[in-house]
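# Examination of the molecular architecture
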Amino acid sequence: MIPIHSVYIHIPFCQQICHYCDFTKFFYNEQLANDYVDALKKEMSTYVPEKEKKVKTIFIGGGTPTALTVPQLEAVLRHIAETFDLHECEEFTIEANPGDFSKEKVALLRAYGVNRVSLGVQVFDNEMLKTLGRIHTVKDVYDTVSLLQDYGIHNISTDLIYALPNQTVTHFKDSLTKAMNLDLPHLSTYALQIEPKTVFYQRYKKGNLPRPPQEDEVIMYDILKTTAAKNGLNQYEISNFAKQGFESKHNLTYWNNNFYYGFGAGAYGYLPGKRYGNIRPLPAYIKQVNKDGKPVLHVDTIGKKEQIEEEMFLGLRRMEGVSKRQFTHKFGVSMDKLYRPSIDELVQRGWLLEREDQIALSEEGKIVANEVFERFLLDDLVFG
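Residues numbered from 1 in each chain as written. Predicted model: local features only at pLDDT ≥ 70, side-chain atom pairs only at ≥ 80, totals over all residues. Heavy atoms only, no water.

### A closer look at the sheet that holds strand β10 (residues 240-242)
Taken in spatial order, the nine strands line up as β9-β10-β8-β7-β6-β5-β4-β1-β11 in an open sheet, and their pairing is mixed. Bordering the open sheet on either side are β9 (234-237) and β11 (261-263), each of which pairs with just one other strand. On average, adjacent strands in this sheet sit at an angle of 20° to one another, irrespective of strand direction. Here six bridges tie strand β7 (residues 156-162) to strand β8 (residues 186-191), and the two strands are oriented parallel to one another. If you follow Asp-159 over to β8, its bridge partner there is Ser-188. Packed onto the sheet, helix α1 (residues 30-47) meets β1 (6-11) and β11 and runs at close to 155° relative to β11. (Pairing = 2+ DSSP bridges. Helix = DSSP H or I, 4+ residues; strand = E, 2+ residues; numbered from the N terminus. Axes fitted to C-alpha atoms, helices over the stretch in contact; angles between N-to-C directions. Contact = heavy atoms within 4.5 Å.)

What follows is the structure in structure tokens.
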């Protein structure tokens, strides 16, 4: 059996629902959170075989995991420690909002081996934070970083969003400069996406969400890459930058197309031959877990065709690209045999770089990445 070395755990509670967010999330309620924690523990215990307990990366995401109370958070962390062998765990990340941490919570994280924190900063501007529906302030960012560092947690990542409503290039540059001044080892950045079932989507449909022009978004991305490089943050994935050795090991699990468990409402997992998605509504999730411990809503079979497509989509997100040699070793068929016409076309258009053993996105290709990925969809093929 292929070992599973990575675990994603979803905590769907938030104190405030952000206007752009379409992740599985619910307003925090203490009793509901207690019931959810109990169900989450049962789901983890149901799925994990004894011989697969060793893990290398854990990521607790949300929602806002730090919305849980100290006893609730400790119950989750304790169960993780009881369920998995953490002696070889290299990276244990928790997502958090600035301002969510007390000294007690930070001490708790340290006690259970959490060694990385991903902070949802989004923008260094108090008025724009209100526009996004965030409840933290810029001061909270500085205070939280200082508190984490005081407790010995230095592997901190900040999330920024750009192309925000009414955001100018100058404004983004200022926000990015403030992020760089923190001198943290990791930065994740995303252009704002307008997702259905969000406040921003409703405003957009009514014409009440002024977005920066497309050319400004491209300029912001160029500024991002240049500024990050000047500050010692290497771009290792389309949206992620890190100092040497601080690349997110857990997220590389996704981009390397490796397997991982997914636990919690709305969580996704990837196991040999299948991807699965859990039930999203909390009452339904809790009810199903209490019934049989398996709250799976749907399972997608991943055959060789799907594996190859995902290898290309995910691998091309990394700046190092996809190795031709490893591709052949993994799938028993050469990249040239399947994709030579597509590779030639994309290289000619300047969207793809081809080296002796690798193909990778060019600078222009990063901007039109989704169009590049489409060229690696396969017709229904029969693999011998």
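### Here's the deal with the packing of helix α11 (residues 304-315) against helix α12 (residues 324-331)
Running from N to C, α11 and α12 point in directions that differ by 165°, and their axes come no closer than 12 Å. When the interaxial angle is binned, α11 and α12 end up roughly antiparallel. In this structure, α11 meets α12 at a crossing whose hand is right-handed. Between α11 and α12, the contacting residues are Lys-304, Gln-307, Ile-308, Glu-311 and Met-312 on the first element and Phe-327, Lys-330 and Phe-331 on the second. The residue inventory of the contact of α11 with α12, partitioned by class, reads four nonpolar, one polar and three charged. (Parallel < 35°, antiparallel > 145°, perpendicular 65-115°, else oblique. Left-handed = near helix turned anticlockwise from the far one by under 90°. Nonpolar A, V, L, I, M, F, W, Y, C, P; charged D, E, K, R; others polar.)

### What to know about the packing of α1 against helix α2 (residues 70-83)
Close contact between α1 and α2 brings their axes to 10 Å; oriented N to C, the two are set at 5°. Taken together, the axes of α1 and α2 are roughly parallel relative to one another. Taken together, the residues of α2 that come into contact with α1 (itself represented by Glu-30, Ala-33, Asn-34, Val-37, Leu-40, Lys-41, Met-44 and Ser-45) are Gln-72, Ala-75, Val-76, His-79, Ile-80 and Thr-83. Taken together, the residues of the contact of α1 with α2 break down into seven nonpolar, five polar and two charged.

### Focus: the sheet that holds strand β13 (residues 274-278)
In space, the three strands of this open sheet follow the order β12-β13-β14, with antiparallel pairing throughout. Each having just a single partner strand, β12 (268-271) and β14 (296-301) make up the two edges of the open sheet. Ignoring strand direction, the axes of neighbouring strands in this sheet form an average angle of 20°. Bridge analysis of β13 against β14 gives five bridges, and the strand direction is antiparallel. Counted as the bridge partner of Arg-275 is Asp-300 from β14.

### Some words on the environment of Trp-351
Mapped onto the elements of the fold, Trp-351 is located in the loop between α13 (335-349) and β16 (352-354). Along the chain, Trp-351 and Lys-243 lie 108 residues apart, while their C-alpha atoms are 26 Å from each other. The residues contacting Trp-351, other than those within four sequence positions of it, are Leu-346, Ala-360, Leu-361, Ser-362, Glu-364, Gly-365, Val-368, Glu-371, Val-372 and Arg-375. At 3.2 Å, the side chain of Trp-351 and the side chain of Glu-364 are in polar contact. (Polar contact = N/O pair within 3.5 Å; in protein donor to acceptor, adjacent residues only side chain to side chain.)

### Points about the environment of Glu-345
Structurally, the position occupied by Glu-345 is in helix α13. What makes Glu-345 partly exposed here is its relative accessible area of 30%. Once the C-alpha coordinates of Glu-345 and Arg-375 are considered, the two residues, 30 residues apart in sequence, prove to be 9.3 Å apart. (Buried < 20%, exposed > 50% of the residue type's maximum accessible area, 1.4 Å probe, protein only.)

### What about the packing of aromatic side chains?
Per the counting criterion, the structure on display carries 17 aromatic pairs. Ring geometry for Tyr-260 versus Tyr-270: centroids 6.4 Å apart, planes at 65°, classification edge-to-face. One end of the pair, Tyr-260, is in the loop between α9 (249-255) and β11; the other, Tyr-270, is in strand β12, and ten residues separate them in sequence. Note on accessibility: Tyr-260 and Tyr-270 belong to one class, buried. Ring centres of Tyr-261 and Phe-263 lie 5.5 Å apart, and the angle between their planes is 15°; this geometry places the pair in the stacked category. Taken as a pair, Tyr-261 and Phe-263 share a single burial class, namely buried. Taken together, Tyr-47, Phe-84, Tyr-261, Phe-263 and Tyr-276 form an aromatic cluster joined through their ring pairs. Between Arg-275 and the ring centre of Tyr-270, over which it is positioned, the NZ or CZ distance is 3.8 Å. Across the ring face of Trp-351, the terminal group of Arg-349 is positioned such that the distance to the ring centre comes to 4.1 Å. (Phe/Tyr/Trp six-rings, centres within 6.5 Å; stacked < 30°, edge-to-face > 60°. Lys NZ or Arg CZ within 6 Å of the ring centre and 35° of its normal.)

### Focus on the nonpolar core
Of all hydrophobic cores here, the largest spans 109 residues; its most connected members are Ile-9, Phe-263, Tyr-339 and Phe-376. It is α1 that contributes the most residues to this core, seven residues altogether. Both domains that meet at this core, namely domain 1 (6-255) and domain 2 (304-375), each give it at least three residues. Ignoring anything within four residues of it in the chain, the contact list for Phe-263 reads Val-7, Tyr-8, Ile-9, His-10, Leu-40, Glu-43, Met-44, Tyr-47, Val-48, Phe-84 and Asn-278. (Core = buried A, V, L, I, M, F, W, Y, C linked by side-chain atoms within 4.5 Å. Domains from an automatic or database assignment.)

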